[in-house]
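Residues per chain, in single letters:
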Amino acid sequence: QVQLVESGGGLVQAGGSLRLSCAASGSIFSINAMGWYRQAPGKQRELVARITRGDTTNYADSVRGRFTISRASAKNTVYLQMNILKPEDTAVYYCNADLRSDSSSRLSTYWGQGTQVTVSS
């Protein structure tokens, strides 16, 4: 069984910063990629940023240049540094991981419970 636990959300004023963390634990053989998605009220969940095992990153156009994704592979942890936050960044942020639980298992996707980020104007 695999768990993803996010932390670091909260309330911040526009222009401020927050850092989200997500730690994966449990039965993990290898992690192919981890990422952050977000879902605002009334909207679909969207990709924010993603990082692969080879440290290739990709970002949503709306956050490129303001957000930075990084990882600590030894800790199975991914971070999202969010700077110059805007009210439109307000959403529940979800951690995501594509991983194998053992050497013979197929790649599976896991999600965290989500953490609220609220940016006031």
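Residues take numbers from 1 onward in each chain, read along the sequence in its written order. In keeping with the predicted nature of the model, local features appear solely for residues at pLDDT of at least 70, side-chain atom pairs appear and are counted solely at 80 or more, and the whole-chain, interface and lining totals rest on all residues. Side-chain descriptors were evaluated using all non-hydrogen atoms of the structure, hydrogens and water having been removed beforehand.

A.B. asks: How would you summarise the overall build of the protein chain if you had to cite specific residues and measurements?
C.D. replies: A run of H or I in DSSP becomes a helix once it reaches four residues, and a run of E becomes a strand once it reaches two; helices and strands are each numbered from the N terminus. Per the secondary structure count, the protein chain includes 0 helices and 11 strands. Mapped in sequence order, the helices and strands of the protein chain form the string β-β-β-β-β-β-β-β-β-β-β. In terms of overall size, the protein chain behaves like a compact globule, its C-alpha atoms giving a radius of gyration of 14 Å where 121 residues would be expected to give roughly 14 Å. Its C-alpha atoms give the protein chain principal-axis dimensions of roughly 50 × 25 × 25 Å. Contacts: residue pairs with any heavy atoms within 4.5 Å of one another. Across the protein chain, the fraction of contacts at a sequence separation of at least 24, relative to all contacts at a separation of at least 6, is 55%. Per-residue and other accessible areas were derived by the Shrake-Rupley procedure at a 1.4 Å probe size, with only the shown protein chains allowed to occlude residues. In the form shown here, the protein chain has an accessible surface area of approximately 6500 Å², with 46% of it arising from carbon and sulfur atoms. Across the protein chain, the mean location of the 13 positive side-chain charges is 2 Å away from that of the 8 negative side-chain charges. Radius of gyration: over C-alpha atoms. The globule rule applied is 2.2 Å multiplied by the number of residues raised to the 0.38 power. We score Asp and Glu as negative and Lys and Arg as positive, and we do not count His or the chain ends. Taken as the charge centre is NZ of Lys, CZ of Arg, CG of Asp or CD of Glu, depending on the residue.

A.B. asks: Explain unusual backbone geometry to me, using residue names and the numbers behind them.
C.D. replies: Positive phi is not limited to glycine here, since Asp 55 has a value of about 70°. Relative to the helices and strands, Asp 55 is located in the loop between β5 (46-52) and β6 (57-59). For every residue, the accessible area (1.4 Å probe, protein chains only) is compared with the maximum for its type, and the residue is labelled buried under 20%, exposed over 50%, or partly exposed between those bounds. With relative accessibility at 46%, the residue Asp 55 sits in the partly exposed group. Phi at Asn 76 is positive, roughly 50°, even though this residue is not glycine.

A.B. asks: Lay out the nonpolar core in plain terms, naming residues and giving numbers.
C.D. replies: Throughout this description, the term nonpolar core refers to a set of buried Ala, Val, Leu, Ile, Met, Phe, Trp, Tyr and Cys residues connected via side-chain atoms within 4.5 Å. Judged by nonpolar contacts, the single largest core of 30 residues is most densely connected at Met 34, Trp 36, Leu 80, Met 82 and Tyr 93. Listing elements by their share of this core, those giving two or more residues are β1 (2-7), β3 (18-26), β4 (30-39), β5, β7 (67-72), β8 (77-82), β9 (91-100) and β11 (115-120). For this core, the leading source of residues is β9, giving 5 residues. Beyond its immediate sequence surroundings of up to four residues, Met 82 is in contact with Gly 16, Ser 17, Leu 18, Leu 20, Arg 66, Phe 67, Tyr 93 and Val 117.

A.B. asks: If you had to explain the side chain of Asp 98 to someone new, which residues and values would you point to?
C.D. replies: Position of Asp 98 relative to the elements: it lies in strand β9. Polar contacts here mean pairs of N or O atoms no more than 3.5 Å apart (in protein, one a potential hydrogen donor and the other a potential acceptor; neighbouring residues in sequence count only if both atoms are side-chain atoms). Only 3.1 Å separates the side chain of Asp 98 from the side chain of Arg 50, close enough to count as a polar contact. The contact partners of Asp 98, leaving out residues within four places of it in the chain, are Ile 31, Asn 32, Ala 33, Arg 50, Leu 107, Ser 108 and Thr 109.

A.B. asks: Describe the sheet that holds β3, listing the residues and the values that go with them.
C.D. replies: Two strands are counted as paired when DSSP detects at least two bridges linking them. Here we have 4 strands laid out as an open sheet, ordered β1-β3-β8-β7, and antiparallel in their pairing. Here the strands that pair on one side only, and so sit at the sheet edges, are β1 and β7. Along the sheet, successive strands turn relative to each other by an average axial angle of 15°, direction set aside. Here 6 bridges tie β3 to β8, and the two strands are oriented antiparallel to one another. Opposite Ser 21, over in β8, you have Tyr 79 as the bridge partner. Only the stretch in contact is used when a helix axis is fitted, and all axes are lines through C-alpha atoms; the angle between N-to-C directions ranges over 0 to 180 degrees.

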